[in-house]
Amino acid sequence: MNSSRRIVKVAAPALVAVAAGAVAVATLTARSPDGDGMAARRASPGQSATPLISGAVGGGDDPAGWKLPIETYMFSKSQVHTMNSRRAALMADCVKRAGLPAPDPAPDAPDLDGRTETDLRYGIHDAALAARRGYHPDAADQEAHDRAIAAGAAVPAGADGAVVRGCSDEAGVTVPAPTQAEVVEAIARDSYARSARTPDVTAVFARWSACMKAKGYSYAQPMDVNDDPRFHDRDGVRDAEIATATADVACRRRIPVAKVWFEAESALQTEAIKANQGVLNTVRAGIEEAVGRAAAPEGS
């Protein structure tokens, strides 16, 4: 779901839809300041006094502890890990039965796009990490992630492609790949983009931009600096990146960019969920059934 990071993650061996059928996604429209409700609830420019949206969890200052309403209809990160581990074990058993060398278990891949769905969704916030790595992930996490990518791409020696594909299909019958439903992904994408254009959020962006300007950096919006191509060099972290990231976090400490944006996005998601409640209930039931199958003892 994380729209703020362009990190390649380890993909599941096969993709299986959670809920079948085409879904009409309700359009999420940011209302005008008069009908928006968010501007009227503003305590001061860019400083929201909005109570938490139904289904959202936003207590505390750490965005990693917040939860967007749409996450109720998503596989959690822990569920994805459990299901992929079970699928990998089923794949290994199948390959062994076919007389091929059993593949080594793939190492865990740290989530470079955040500990949770909201951790880095609205940008960086960890001052200590920014001082070491700028906009880059922790070095140890990056190394572990790269190892997992390489291991996942490796094909057992002598493996027949048809056998591997067949084993992937067989594993998918027991445990489907934990792929987020299309309607869920659409709501998450749309709410992220549209919330960035709501009055409260554009106001807090302007305050952040002014703070950065006072420190010598010219960026209109927080994600402009996050997406600066100069800060995506895989060969290392330069002093300019660390200085910029440190200024970014310092401005975020003064100006509640993430909190205001989270509240705006939660409001839009709540509207979209109401408009798509029927199909989302089916998605939720599919998640519970798939996770239950992955957790069931072998042979059950």
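Structure first, text after, so check above.
These notes cover the structure that comes with them. What you see is a predicted model, and the numbers here were worked out from it, not measured in a lab.

## Topic: the packing of helix H2 (residues 77–97) against helix H11 (residues 277–295)
Right, on to step 1. Close contact between H2 and H11 brings their axes to 9 Å; oriented N to C, the two are set at 45°. Here H2 lies oblique to H11, going by the angle between them. Like other packed secondary-structure pairs, H2 and H11 cross with a definite hand, here left-handed. Here Gln-79, Met-83 and Arg-86 of H2 come into contact with H11, specifically with Arg-284, Ile-287, Ala-290, Val-291, Arg-293, Ala-294 and Ala-295.
Right, on to step 2. Of the residues contributing to the contact of H2 with H11, the split by class is 6 nonpolar, 1 polar and 3 charged.

## Considering the pattern of salt bridges
Right, on to step 1. With the rule as written, the count across this model stands at 13 salt bridges.
Right, on to step 2. Glu-143 is the partner of Arg-147 in a salt bridge, and the nearest nitrogen-oxygen pair spans 3.4 Å. Taken together, the positions of Arg-147 and Glu-143, both in helix H4 (residues 139–153) and 4 residues apart, correspond to about one turn of that helix.
Right, on to step 3. Looking at Arg-147, the relative accessible area reads 48%, which means it is partly exposed.
Right, on to step 4. Relative accessible area serves as the criterion here: at 49%, Glu-143 is assigned to the partly exposed category.
Right, on to step 5. One salt bridge in this structure joins Arg-284 and Glu-288, with 3.4 Å as the shortest N-O distance. Of this pair, Arg-284 and Glu-288 both sit in helix H11, 4 residues apart, roughly one helical turn.
Right, on to step 6. Using a relative accessible area of 23% as the deciding quantity, one classes Arg-284 as partly exposed.

## Overview of the packing of aromatic side chains
Right, on to step 1. Across all of its chains, the model carries 5 aromatic pairs by this definition.
Right, on to step 2. Summarising the aromatic geometry, the rings of Trp-66 and Phe-262 are spaced 5.0 Å apart at their centres and angled 40° between planes, so their arrangement reads as tilted. Pair noted here: Trp-66 is in the loop between strand E2 (47–48) and H2 and Phe-262 is in helix H10 (residues 257–275), with a separation of 196 residues, a long-range link.
Right, on to step 3. Judged by its relative accessible area of 5%, Trp-66 falls in the buried class.
Right, on to step 4. One aromatic cluster in this structure is built from Tyr-122, Tyr-192, Phe-205 and Trp-261.

## Some remarks on H10
Right, on to step 1. Along its 19 residues, H10 runs 28 Å from first to last C-alpha, staying within 8% of the 27 Å computed at 1.5 Å per residue.
Right, on to step 2. Counting buried residues along H10, 15 of its 19 residues qualify, which places the element largely inside the surrounding structure.

## Section: the state of the cysteines
Right, on to step 1. For the structure on display, the rule yields 2 disulfides.
Right, on to step 2. Two residues, Cys-94 and Cys-167, share a disulfide whose sulfurs are 2.1 Å apart. Handedness here is read from the sign of the S-S torsion; for Cys-94 and Cys-167, about -80°, the answer is left-handed. You can see Cys-94 sitting in helix H2 and its partner Cys-167 sitting in helix H5 (residues 161–174), a full 73 residues away along the chain.
Right, on to step 3. Taking the relative accessible area as the measure of exposure, Cys-167 reaches 1% and is therefore buried.
Right, on to step 4. For Cys-211, the disulfide goes to Cys-251, at an S-S distance of 2.1 Å. The disulfide joining Cys-211 to Cys-251 has a torsion of about -90° about its S-S bond and is therefore left-handed. Placement of Cys-211 in helix H7 (residues 199–214) and of Cys-251 in helix H9 (residues 239–254) is noted, with a sequence separation of 40 residues between them.
Right, on to step 5. By relative accessible area, which is 5% here, Cys-211 ends up buried.
Right, on to step 6. Described in terms of the sequence order of its bonded cysteines, the disulfide pattern of the chain is 1-2, 3-4.

Cut-off values and rules
- Residues numbered from 1 in each chain as written.
- Predicted model: local features only at pLDDT ≥ 70, side-chain atom pairs only at ≥ 80, totals over all residues.
- Heavy atoms only, no water.
- Axes fitted to C-alpha atoms, helices over the stretch in contact; angles between N-to-C directions.
- Helix = DSSP H or I, 4+ residues; strand = E, 2+ residues; numbered from the N terminus.
- Parallel < 35°, antiparallel > 145°, perpendicular 65-115°, else oblique.
- Left-handed = near helix turned anticlockwise from the far one by under 90°.
- Contact = heavy atoms within 4.5 Å.
- Nonpolar A, V, L, I, M, F, W, Y, C, P; charged D, E, K, R; others polar.
- Salt bridge = Lys/Arg side-chain N within 4 Å of Asp/Glu carboxyl O.
- Buried < 20%, exposed > 50% of the residue type's maximum accessible area, 1.4 Å probe, protein only.
- Phe/Tyr/Trp six-rings, centres within 6.5 Å; stacked < 30°, edge-to-face > 60°.
- Expected span 1.5 Å × (residues − 1).
- Disulfide = S-S within 2.5 Å.

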